[in-house]
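Here is how the chains run, residue by residue.
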Amino acid sequence: MKTPSIIKIFSLMLLLLFSIKSIAQTDDDEKRPKDYKSRKGFHAGIYVGSYFANKSTASNYDGYGYDVNGIKNDFANSFMNMRINFDYGGLNGQPDQIAQALNVNHGDWGFDQTDMPIKMKYNPAIVVGIHTMYGFTQKDALIFNATGTKLTVNGDFSITLNTTPVGPTQPGYQNIKACAITGGEQRVMFQMGYRRILGDDDLFNFFIEGGAELTMAKLIRNQITINNLQIDLTSYYSYPAYFGFREKHLSGLGLGAFGGFGLNLTANRKCNIQLVYNPSYEKINIGMDPSRKLQHAIGLRVYYNI
């Protein structure tokens, strides 16, 4: 996750919100009352934004996998070694599909521990949700949010080719083929908390918020790609011996807390628009013994006063 990306997104949303403010002021020159009704009562709305996941749980997708007791495999028992060298590489008496994918002869490629992925990372994701609030004063409200996202995880691994390259090479040259390893994860976040409007402007204000967050997370995909050959790594988890592991470690609930601050625009007597940055400190409960880490989200909410 790169901080400049968050800053750029926040800046663009800020410009958008100021533009909306200018339009609202132009279209309605009549002074609004201080006790503006759109801030009170029950509101329901939609939220769309960007989500930046902490990289700590990305290692669940690094190709090693876990044994039935929940211990991370060493290389010899790793899912990638079993898949590449045995299931698809011809060591179990089956055709060498790896050689076919690489367009080389059997025996003209190699895969060992030095070829394993080193760094896995989450990509920024789109997050959407249904957000509600109940304003019990002009400035104070209880908030209840349900937000979901689908995350992708990317990394690289290599396969060493034993074929002789065309043309001159440097001493110690190795013919390395870079390949991709990917993962997929679902998250649904439920938030309950408090929001406070700051300042006395009846149109445009800052606000702060915070509360408790419950996150449902589920590992849904992990695969490697060698040219056009795609190999599923999660099929091992479908073995009957992994039943207890699947239930306990491939999906789970994690409790944490969220905060936030942003800008609130009272667009009209029925509609509020908010630009909000939400950090959350929570446990993503997949894999073995995850710890609480900081996640980030930036988005726009549009509330309608019901």
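Predicted, not measured: the structure shown is a model, and the values here were computed from it.

Undergrad: I'm lost on the overall build of the chain in this one. Help?
TA: Summing up its helical and strand segments, the chain has four helices and 11 strands in all. Here the chain, with 306 residues, has 48% of them falling under the buried criterion. Here the analysis covers contacts within the chain between residues at least 6 apart in sequence; of these, 73% occur between residues at least 24 apart.

Undergrad: When you look at the pairing of strand 11 (residues 292-305) in this model, what are you seeing that I'm missing?
TA: Residues in a regular strand point their side chains to alternate faces of the sheet. Bridge count for strand 1 (residues 41-52) against strand 11 is 10 bridges, and the pairing is antiparallel. Bridge pairing in strand 11 links Gly45 to Tyr303. Relative to strand 11, strand 10 (residues 271-283) runs antiparallel, the two sharing 13 bridges. Across the sheet, the residue bridging to Gln274 is Arg301, located in strand 11.

Undergrad: Please clarify how the side chain of Ser235 should be interpreted in this entry.
TA: Here Ser235 is to be found in the loop between strand 8 (229-232) and helix 4 (243-249). Among the polar contacts made by the side chain of Ser235, one reaches the side chain of Arg83 at a distance of 2.5 Å.

Undergrad: Would you take a moment to explain unusual backbone geometry for this structure?
TA: Trans peptide bonds make up the majority, and among non-glycine residues the majority have a negative phi. A positive phi angle, near 60°, is found at Asn103, a position not held by glycine. Accessibility expressed as a relative area gives 70% for Asn103, which makes it exposed. With phi around 55°, Asn227 is a residue other than glycine that occupies positive phi space. Note on placement: Asn227 falls in the loop between strand 7 (204-226) and strand 8.

Undergrad: How do you make sense of the environment of Gly183 when you look at a structure like this?
TA: Topologically, Gly183 is positioned in strand 6 (residues 175-198). What makes Gly183 buried here is its relative accessible area of 1%. A sequence separation of 120 residues divides Gly183 from Gly63, and the C-alpha atoms of the two residues are 9.8 Å apart. Contacts of Gly183, omitting those with residues within four sequence positions, involve Tyr61, Leu151, Thr152, Val153, Arg221 and Asn222.

Undergrad: How should I be thinking about helix 2 (residues 79-87) in this particular structure?
TA: Quick reminder: α-helices carry 3.6 residues per turn. Residues three or four places apart thus point the same way. Listed as buried for helix 2 are Phe79, Met80, Asn81, Arg83, Ile84 and Asn85. Where the residues of helix 2 are buried, they touch helix 3 (97-102), strand 2 (109-110), strand 5 (140-161), strand 6, strand 7 and strand 8.

Undergrad: Whenever I open this one, the packing of aromatic side chains confuses me. Can you help?
TA: The description of two aromatic rings rests on the distance between their centres and on the angle between their planes. Applying the stated criterion to the full structure yields 10 aromatic pairs. A centroid spacing of 5.7 Å and a plane angle of 80° characterise the contact between Tyr236 and Tyr239, whose relative ring orientation is edge-to-face. Overall, the relative accessible area of 10% leaves Tyr236 in the buried class. For Tyr239, a relative accessible area of 44% translates into the label partly exposed. Between Tyr237 and Phe245, the ring centres sit 5.4 Å apart and the planes meet at 15°, which makes this aromatic pair stacked. Accessibility classification places Tyr237 together with Phe245 in one group, the buried group. In this structure, Arg83 is placed above the aromatic ring of Tyr236, and the distance from its NZ or CZ to the ring centre is 5.3 Å. The side chain of Arg187 reaches across the aromatic face of Tyr122, ending 5.2 Å from its centre.

Calculation rules
- Chains are numbered independently. Their residues run from 1 in the order of the written sequence.
- At least 70 in pLDDT is required for a residue's local features to be given in this predicted model, at least 80 for side-chain atom pairs to be given and counted, and no such filter applies to totals for whole chains, interfaces and linings, which use all residues.
- Values shown for side chains rest on all heavy atoms present in the structure; no hydrogens or waters enter the calculation.
- A run of H or I in DSSP counts as a helix once it spans at least four residues, and a run of E counts as a strand once it spans at least two, with each numbered from the N terminus.
- Each residue gets one of three labels from its accessible area relative to the maximum for its type: buried under 20%, exposed over 50%, partly exposed in between, using a 1.4 Å probe on protein chains only.
- Between two residues, a contact is recorded if the distance between any of their heavy atoms is within 4.5 Å.
- Two strands are counted as paired when DSSP detects at least two bridges linking them.
- For this analysis, a polar contact is any N or O atom pair within 3.5 Å, provided that within protein one partner can donate a hydrogen and the other can accept it, and provided that sequence-adjacent residues contribute only side-chain to side-chain pairs.
- Here is the rule: rings of Phe, Tyr and Trp (six-membered ring for Trp) pair when centre to centre is within 6.5 Å. Planes less than 30 degrees apart are stacked, more than 60 are edge-to-face, and the remainder are tilted.
- Lysine NZ or arginine CZ positioned within 6 Å of the ring centre and within 35 degrees of the ring normal marks a charge as sitting over the ring.

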